[in-house]
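# Descriptive analysis of the structure
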Amino acid sequence: MRIREWQDILEDVTEQDVESEDWRAVAGDRAGGVGEDMYLAHPSAGVFFLKTYAKNPFEVRGVGTQVARKIDDEIGAFMPENDGSGRFAVQSPPEDEDEAETLSNRLETVLETHADAPTRPQDLFDDVMEAIESPAFGPMEYDQYDRPDELEELADRFEEADELLNAELEDLIETDEVGRGFM
C-alpha cells in the first residue's frame, strides 16, 4: 500500500479514464482526532481512501491511498446510489482563459435551460458537472458532525489502511503543531 499526499490521490482520481458520473463517495468525521475521512469509489477505477484536516482556513493537509482496484458487491453495498442525500465533485481549474470562457458559456447555457424547465436538483448538478467537464462526480453520503454508518463499515473492511493513514495524519498534525483542526 502506497501512502501519498491527499492531493496526489485526487489527481489520480481526475486522471482516470472512466465515466465521470459513476463515482460515489462516503465521508464524515475521523473516528479519533481532528479531520475527516473520505472514500471515493468507482466500479472501474477502484476505491480511494483520504484522511484530511484543515490546518487553517486556507490550507487542507492530508494523506491517502488506493485500497481496492475495483468495487465488489460487499464494498458497493456501502456506497450511495444515485438518490443519495448529497452530491460531490472533484474539479480541476481551467488550463487557460480560452478554456475558462468555453466552460462559462456551457455553464450559462445549462443554467438558462434549467431556469426555463422544471428540474430536480440532482439533474441540475449532473448537467453542471458535465458542462464544466468535472472528471469525477456523483452521490455522496456525508455527515459533517459525525460518521455515517457506511463510513464505519468501510473503516472495518480497510482496517489496516485506516490505521496506517491515521498514523501518517497524526504525524502531519504534530509536525504542523496543530492541536485541533480549523473549523
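The shown structure was predicted, so the numbers you read here are calculated from the model rather than taken from an experiment. (Residues numbered from 1 in each chain as written. Predicted model: local features only at pLDDT ≥ 70, side-chain atom pairs only at ≥ 80, totals over all residues. Heavy atoms only, no water.)

## A closer look at the confidence of the model for the protein
Of the residues in the protein, 96% reach a pLDDT of 70 or more, and the chain-wide mean stands at 90. For the protein, per-element mean pLDDT is lowest for helix 2 (residues 73-76), which scores 90, and highest for strand 1 (residues 4-5), which scores 97. (pLDDT = per-residue confidence, 0-100. Helix = DSSP H or I, 4+ residues; strand = E, 2+ residues; numbered from the N terminus.)

## Some points on the packing of aromatic side chains
Under the definition given, this model contains four aromatic pairs. Measuring from centroid to centroid gives 6.1 Å for tryptophan 23 and phenylalanine 48, while their planes differ by 40°, and the two rings are tilted. With tryptophan 23 in the loop between helix 1 (6-14) and strand 2 (24-29) and phenylalanine 48 in strand 4 (residues 46-56), this pair connects stretches of sequence that are 25 residues apart. We note that tryptophan 23, like phenylalanine 48, is buried. A connected cluster of aromatic rings, assembled from ring pairs, spans Tyr39, Phe49 and Phe158. (Phe/Tyr/Trp six-rings, centres within 6.5 Å; stacked < 30°, edge-to-face > 60°. Buried < 20%, exposed > 50% of the residue type's maximum accessible area, 1.4 Å probe, protein only.)

## Some words on the nonpolar core
Within the largest apolar cluster, 23 residues are counted, with the highest numbers of intra-cluster contacts made by Tyr39, Val47, Ile75, Met79, Leu154 and Phe158. For this core, the secondary-structure elements that each account for two or more residues are strand 3 (36-42), strand 4, strand 5 (59-68), helix 5 (149-157) and helix 6 (159-175). Here this core gets five residues from one element, more than from any other, and that element is helix 6. Not counting the four nearest positions on each side in its chain, isoleucine 75 is found in contact with Val47, Ala68, Lys70, Leu154 and Phe158. (Core = buried A, V, L, I, M, F, W, Y, C linked by side-chain atoms within 4.5 Å. Contact = heavy atoms within 4.5 Å.)

## Remarks on the sheet that holds strand 3
Read from one edge of the open sheet, seven strands run 1-5-4-3-2-7-6, paired in mixed fashion. With one partner strand each, in any of the chains shown, strand 1 and strand 6 (86-90) form the two edges of the open sheet. Strands in contact with helix 6 are strand 3, strand 4 and strand 5; relative to strand 5, the strand with the most contacts, it is inclined by about 160°. (Pairing = 2+ DSSP bridges. Axes fitted to C-alpha atoms, helices over the stretch in contact; angles between N-to-C directions.)

## Digging into the packing of helix 3 (residues 97-115) against helix 4 (residues 121-131)
When two helices pack together, their arrangement is given by the angle between their axes and by how far apart the axes lie. Packing of helix 3 against helix 4 brings their axes to within 9 Å, and their N-to-C directions diverge by 160°. If you check the angle between helix 3 and helix 4, you find them roughly antiparallel. Judged by the twist between their axes, the crossing of helix 3 over helix 4 is right-handed. On the side of helix 3, the interface is formed by Leu103, Arg106, Leu107, Val110, Leu111 and His114, while helix 4 contributes Asp123, Leu124, Asp127, Val128 and Ala131. In terms of residue class, the contact of helix 3 with helix 4 is built from seven nonpolar, one polar and three charged. (Parallel < 35°, antiparallel > 145°, perpendicular 65-115°, else oblique. Left-handed = near helix turned anticlockwise from the far one by under 90°. Nonpolar A, V, L, I, M, F, W, Y, C, P; charged D, E, K, R; others polar.)

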